[in-house]
Amino acid sequence: MLSSSLLKLGVNLTSIHFIGDLHADVGCAKQWVEQTGLVNLTSTPYKWLGDPDRDAMVFLGDYVDKGSASASVLEFVRSLQESFPDNIVTMLGNHDVFLVLDTALSFSQNNPHPLGFPFYEYAYSFMHPEEYLESEWVKNRDDDEELYASIATALQSVYDEGQEGSVRLCAPSCTQEDDSSRDIFSSVSPFTENISLRNRTQERLTTWRKEYAQGLFDSGILHWMTKQPLIAIVGDALVMHGGVSNEVIAYLESIATRNEMTVVDTLHSAINEPFWAFFQEELEKTSTANSIENRLTGGYALELIMDLVQHRGYFDQKNGCRDVQNVLDKVNGKVVNENGAETFVPLLKRIVVGHTPHNYAQELCGGKLLASDSSLSRSFRAHGNLYCPLGEARRLNQKSYSCSNTKPIEKCEGSISQMTRASSNDPWPSSMTRMKLEEVKNMQKRSTAGETIDGGRGEL
């Protein structure tokens, strides 16, 4: 039987749902949770409808960015995890880790951001400016829409020129100078023609960011995020957002050998524990956001975390499945029993990741890899990584062909995955069931009508 600090929710589970990247779409997040049939979201507080000992739900991270409801998604998944800690696991993704760093740390020219500059300065892929208008943490002001519209106009000009990778949203100024990028406020219309508008917008964006960061802090969400796992074991799966590269698993194997530990326990002690311990200690010292001057150092913790949440190597057509097998071989390596004897116990049969988007969740490598990121966010499906206007009135004012999709996407698309077994004494199956929203709804309609249901959810 597996005994590891990475193990979450115990060994008696018989059903596990995996939900991929939500990216700031709280409406679809709630729909998918409802469709699992495990939680009653209409009750106050939420009520667990599943078996408290055997049912589980795992979120693969990336709750934030690319849409305008990051705060709402964070509040929702936190409420679920805190309400049902014995049934729900909430992993952190790369976007979540970036938000933690951008919110908790203090950075300047003399003490720069550990990853160069805060990710909210990117002109694409991260903090959508519309998030500030939708969040309860940011005060409403009479000219908010005017100033947001000026940012949106400038961004659409940047997108039409294909320059989003070389432009930053610097307010009040670029945190770290970078020769490869330019400040949108000093180089793009309408700010180049209207100095007063530029100054007002930069000042307001600075205020939005400060209020939003403090809201994350005061709400307790920042503290909660820093306590969530970056890697875990659930059922027979090694779960993480991105993956583990061959270089990192080899490095961790060497540490495990040197310290006479298992590789899975080394994953925990080298990645989860330093992250948790650093922020627990530092956040206890402060009452405001962006005030931690120390940095997560020692044991290459930050480098290991970045590899774990950003790795995409498993999707390499030539070597990806080989790398998946290599990681499984390492984590299922030698286990030392109480008598000192070494045995090889193949306990983990698969790796589950998010991070790399597909239209639907996919099982690859003969069932040894579940790619759970199925582009659940409607804003991501509509606009990809661009900060196109999302609110109805704001969409109507856009004039960019890069943001020409003015019709909102109402239907939640993508899929989630479920694996089940008859009892806790049985092995987990080699394949999972893929659940599309329309298929689940059709099943429910047929069940209500008294029809017999046999399957109905496409096998991966």
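Above this text you will find the structure in question.
This write-up is about the structure you can find in this document. (Residues numbered from 1 in each chain as written. Predicted model: local features only at pLDDT ≥ 70, side-chain atom pairs only at ≥ 80, totals over all residues. Heavy atoms only, no water.)

Observations regarding the packing of aromatic side chains
Now for step 1: Per the stated rule, a full pass over the model turns up 17 aromatic pairs.
Now for step 2: Geometrically, the ring pair formed by Phe 59 and Tyr 63 is edge-to-face, given 6.5 Å between the ring centres and 65 degrees between the ring planes. Tyr 63 matches Phe 59 in its accessibility class, with the two residues each being buried.
Now for step 3: Both rings, one in Phe 98 and one in Phe 126, keep their centres 5.8 Å apart while their planes meet at 65 degrees; by these two values the pair is edge-to-face. Residue Phe 98 is located in helix α3 (residues 94-104), and its partner Phe 126 is located in the loop between α3 and α4 (130-134); the two are separated by 28 residues in the primary sequence. The pair Phe 98 / Phe 126 is uniform in exposure class, with both members buried.
Now for step 4: Through a chain of ring-to-ring contacts, the aromatic side chains of Phe 98, Phe 117, Phe 119, Tyr 122, Tyr 124 and Phe 126 assemble into a single cluster.
Now for step 5: The ring of Phe 117 is capped by Arg 168, whose NZ or CZ atom sits 3.7 Å from the centre of that ring. (Phe/Tyr/Trp six-rings, centres within 6.5 Å; stacked < 30°, edge-to-face > 60°. Buried < 20%, exposed > 50% of the residue type's maximum accessible area, 1.4 Å probe, protein only. Helix = DSSP H or I, 4+ residues; strand = E, 2+ residues; numbered from the N terminus. Lys NZ or Arg CZ within 6 Å of the ring centre and 35° of its normal.)

Examining the sheet that holds strand β1 (residues 15-19)
Now for step 1: A sheet is described by the order of its strands in space; here five strands give the open sequence β5-β4-β1-β15-β16, paired in mixed fashion. Strands at the two margins of the open sheet, each flanked by one partner only, are β5 (88-90) and β16 (433-435). The average angle at which neighbouring strand axes cross in this sheet is 20 degrees, direction not considered.
Now for step 2: Strand direction decides the pairing type here: strand β15 (residues 416-420) and β16, joined by three bridges, are antiparallel. (Pairing = 2+ DSSP bridges. Axes fitted to C-alpha atoms, helices over the stretch in contact; angles between N-to-C directions.)

Here's the deal with empty space enclosed by the protein
A water-sized probe rolled over the atoms picks out the places where empty space is left.
Now for step 1: Throughout the structure, instances matching the rule amount to two cavities of 30 Å³ or more.
Now for step 2: By volume, the largest cavity is sized at about 50 Å³.
Now for step 3: Counted as a void, the second largest cavity has a volume near 40 Å³.
Now for step 4: Forming the boundary of the second largest cavity are Tyr 120, Met 127, Pro 129, Tyr 132, Ile 151, Leu 169, Leu 205 and Arg 209.
Now for step 5: For the lining of the second largest cavity, the per-class residue count stands at seven nonpolar, no polar and one charged. (1 Å grid on protein atoms, 1.4 Å probe; cavity = no way out; pocket = protein on both sides within 12 Å on 5 of 7 lines; lining within 4 Å. Points joined across faces, edges and corners; volume = space filled by probe spheres on them. Nonpolar A, V, L, I, M, F, W, Y, C, P; charged D, E, K, R; others polar.)

Some remarks on the packing of helix α1 (residues 26-36) against helix α2 (residues 70-83)
Now for step 1: At a minimum axis distance of 9 Å, the contact between α1 and α2 shows a crossing angle of 25 degrees. Considered as vectors, α1 and α2 are oriented roughly parallel to each other. Relative to α2, the crossing made by α1 is right-handed. Here Val 26, Ala 29, Lys 30 and Val 33 of α1 come into contact with α2, specifically with Ser 72, Val 73, Phe 76 and Leu 80.
Now for step 2: For the contact of α1 with α2, a count of residues per class yields six nonpolar, one polar and one charged. (Parallel < 35°, antiparallel > 145°, perpendicular 65-115°, else oblique. Left-handed = near helix turned anticlockwise from the far one by under 90°. Contact = heavy atoms within 4.5 Å.)

Brief notes about the sheet that holds strand β12 (residues 350-353)
Now for step 1: A sheet is described by the order of its strands in space; here five strands give the open sequence β8-β9-β12-β14-β13, paired in mixed fashion. One side of each edge strand has no neighbouring strand; the edge strands of this open sheet are β8 (231-234) and β13 (362-364). The average undirected angle you get between the axes of adjacent strands in this sheet is 25 degrees.
Now for step 2: Two strands pair when backbone bridges link them, and β8 and strand β9 (residues 237-240) are joined in this way by four bridges, in the antiparallel orientation. Within β9, the position partnered with Val 234 by the bridge is Ala 237.

A look at the pattern of salt bridges
Now for step 1: Applying the stated rule across the entire model yields 17 salt bridges.
Now for step 2: One salt bridge in this structure joins Arg 394 and Glu 134, with 2.9 Å as the shortest N-O distance. Here Arg 394, found in helix α14 (residues 392-396), pairs with Glu 134, found in helix α4; they are 260 residues apart in sequence, far enough to count as distant.
Now for step 3: Take Arg 394: its relative accessible area is 14%, and that puts it in the buried class. (Salt bridge = Lys/Arg side-chain N within 4 Å of Asp/Glu carboxyl O.)

Thoughts on α3
Now for step 1: Across the eleven residues of α3, eleven count as buried, placing the element largely inside the fold.
Now for step 2: For α3, the full list of buried residues reads Asn 94, His 95, Asp 96, Val 97, Phe 98, Leu 99, Val 100, Leu 101, Asp 102, Thr 103 and Ala 104.
Now for step 3: As for α3, its buried residues are in contact with α2, α7 (195-218), α8 (221-225), α10 (263-283) and α11 (301-310).

Overview of the nonpolar core
Soluble globular proteins: nonpolar side chains tend toward being buried together.
Now for step 1: Within the largest apolar cluster, 118 residues are counted, with the highest numbers of intra-cluster contacts made by Phe 59, Leu 238, Phe 279 and Ile 351.
Now for step 2: Among the elements that make up this core, the one with the highest residue count is α10 (nine residues).
Now for step 3: Residues contacting Phe 279, with those up to four places away along its chain left out, are Val 100, Leu 101, Ala 104, Leu 105, Thr 226 and Ile 292.
Now for step 4: Counting 18 residues, the second largest nonpolar core, distinct from the first, contains Val 58, Met 91, Ala 361 and Leu 370. (Core = buried A, V, L, I, M, F, W, Y, C linked by side-chain atoms within 4.5 Å.)

That's the geometry; what it means functionally is another story.
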